[in-house]
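# Structural characterization, general
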Amino acid sequence: MDINLLSPYKLGNLELPNRLVMAPLTRNRAGKGNVPRPLNATYYAQRASAGLIIAEATQVSPQGQGYPSTPGIHSAEQVEGWKLVTDAVHQQGGRIFLQLWHVGRISHPDLQPDGALPVAPSAIAPKGEASTYEGPKPFVTPRALETAEIPEIIEQYRQGAKNALQAGFDGVEVHGANGYLLDQFLRDGTNQRTDEYGGSLENRARLLLEVTEAVTEVWGADRVGVRLSPSGTFNDMHDSDPLSTFSYATQALNRFGLAYLHIIEVNESDLRHGGTEVPTSVLRDRFTGTLMVNGGYDWERSNAVLAKGEADLVSFGTLFLANPDLPKRFAANAPLNQPDPTTFYGGGEKGYTDYPFLQAS
Ligand SMILES: Cc1cc2nc3c(=O)[nH]c(=O)nc-3n(C[C@H](O)[C@H](O)[C@H](O)COP(=O)(O)O)c2cc1C
């Protein structure tokens, strides 16, 4: 029989009961101090039938925050808060990784310690507006990191990885996608440095690789994934040659023996914003490990790519957000709840823990 979404998968030494992964989803519902709370535990536990949950992007330091009420993994209270989540998911028989995040320039002094400027590879402001507690405000020009500050950034990720281990996660995903700090270093539209972290492909990929190395030292590589968005334009991203940039980064990641590489594929908005598609097949050929794909997948399309061997796992964002029992619904060919974008970011239970489960017939 063909492999499909409901086929099990061995991810390192983790046995996934199916190949449906819950993609990381920022929901801006952390409690005071950006500490996860019981409501967050309920939300994730509801989705424990995923082969794997990748919990939302979580800042590794106060400087890494770019939106209101996103959770952190840098304080003792946050570690305790996340334990509520990991315990609840494990009690339901699930597995959960944490996505480690530093937003770089996608922030605002209002969200930064002491009202400081956000940091980035180069002092280039993104177009658009930052999300602050007082609503949208124009992005500011970030401060370029000094070369001597980069080891501290790597240490923030290392500590975040240690804290995630303490909080009871099953692994971590390094957020190298969507125009945040590591992606800002990778692409020449945002990285105009002249030190060893800018210029050549090798130099632009250096921070991603050094962060990945630090995190794998904490977890072991088979519990670490990396997420990239090679065709993405979100957060005002561009690169003069994405095919070369991401082919290089993908091949360089082979050295670690990671749990997986997670690729966000091109979408309509990327094409509208002048993005160039980097075909997944190119990265499949270059990456020697497990490949997870994401972006607008449904049951049929997922099964087609899995059966053809074009990917090993598929992650679902909006469909998992709206369907806590997505694997069961797919298995039963049942109708799906529609996601409500007005409740994606911020708020309480509504649009978070109140999406209905399939009723037993
Ligand atoms: C509400 C929302 C929050 C998101 N938050 C994150 C995030 O924290 N980290 C991340 O890498 N991607 C994030 N994304 C992107 C999703 O993980 C995913 O790539 C996107 O939704 C496309 O997949 P889909 O078509 O299955 O929804 C977010 C998307 C949405 C809609």
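Residues numbered from 1 in each chain as written. Predicted model: local features only at pLDDT ≥ 70, side-chain atom pairs only at ≥ 80, totals over all residues. Heavy atoms only, no water.

Going by what an unreviewed UniProt entry lists, the protein is known as NADH:flavin oxidoreductase and is assigned to Allocoleopsis franciscana PCC 7113. Note on the protein: under the UniProt heading Sequence similarities (unreviewed entry), the record states "Belongs to the NADH:flavin oxidoreductase/NADH oxidase family." Turning to the protein, the UniProt annotation filed under Cofactor (unreviewed entry) states: "FMN". (UniProt positions renumbered as here; feature names shortened; annotations may be inferred.)

### Looking at the packing of helix α5 (residues 201-219) against helix α6 (residues 242-253)
In a pair of packed helices, the angle between the axes and the distance between the axes together describe the arrangement. Where α5 meets α6, the closest approach of the two axes is 10 Å, and the angle between their N-to-C directions is 40°. Taken as axis vectors, α5 and α6 run oblique relative to one another. Handedness of the α5/α6 crossing: right-handed. Contacts from Leu201, Glu202, Arg204, Ala205, Leu208, Leu209 and Thr212 of α5 reach α6 at Ser244, Thr245, Tyr248, Ala249, Ala252 and Leu253. (Axes fitted to C-alpha atoms, helices over the stretch in contact; angles between N-to-C directions. Helix = DSSP H or I, 4+ residues; strand = E, 2+ residues; numbered from the N terminus. Parallel < 35°, antiparallel > 145°, perpendicular 65-115°, else oblique. Left-handed = near helix turned anticlockwise from the far one by under 90°. Contact = heavy atoms within 4.5 Å.)

### Points about the site of the ligand
Around the ligand there are 17 residues in total, and Thr26, Arg227, Asn294, Gly296 and Thr318 lie nearest to it. Within the backbone of Ala57, a nitrogen or oxygen atom sits 3.2 Å from an oxygen atom of the ligand. Within the side chain of Asn178, one N or O atom sits 3.4 Å away from a nitrogen atom of the ligand. Contact with the protein chains hides 84% of the accessible area of the ligand, taken as 610 Å² for the molecule alone. Tallied by class, the residues present in the shell around the ligand amount to seven nonpolar, nine polar and one charged. (Near = heavy atom within 4 Å. Polar contact = N/O pair within 3.5 Å; in protein donor to acceptor, adjacent residues only side chain to side chain. Areas by Shrake-Rupley, 256 points an atom, 1.4 Å probe, with all protein chains shown as cover. Nonpolar A, V, L, I, M, F, W, Y, C, P; charged D, E, K, R; others polar.)

### Thoughts on the sheet that holds strand β13 (residues 291-294)
Taken together, the eight strands give a closed barrel; going around it, the order is β3-β4-β5-β10-β11-β12-β13-β14, and neighbouring strands pair in parallel fashion. The mean angle between the axes of side-by-side strands here comes to 25°, regardless of whether they run parallel or antiparallel. Pairing analysis gives four bridges linking strand β5 (residues 96-101) to strand β10 (residues 171-175), with the strands arranged parallel. The partner of Leu100 across the bridge, within β10, is Val174. Docked against the sheet, α6 engages β11 (224-228) and β12 (260-264), running at close to 175° with respect to β11. Across the sheet, helix α9 (residues 299-307) touches β13 and β14 (313-316), and the angle it forms with β14 is around 160°. (Pairing = 2+ DSSP bridges.)

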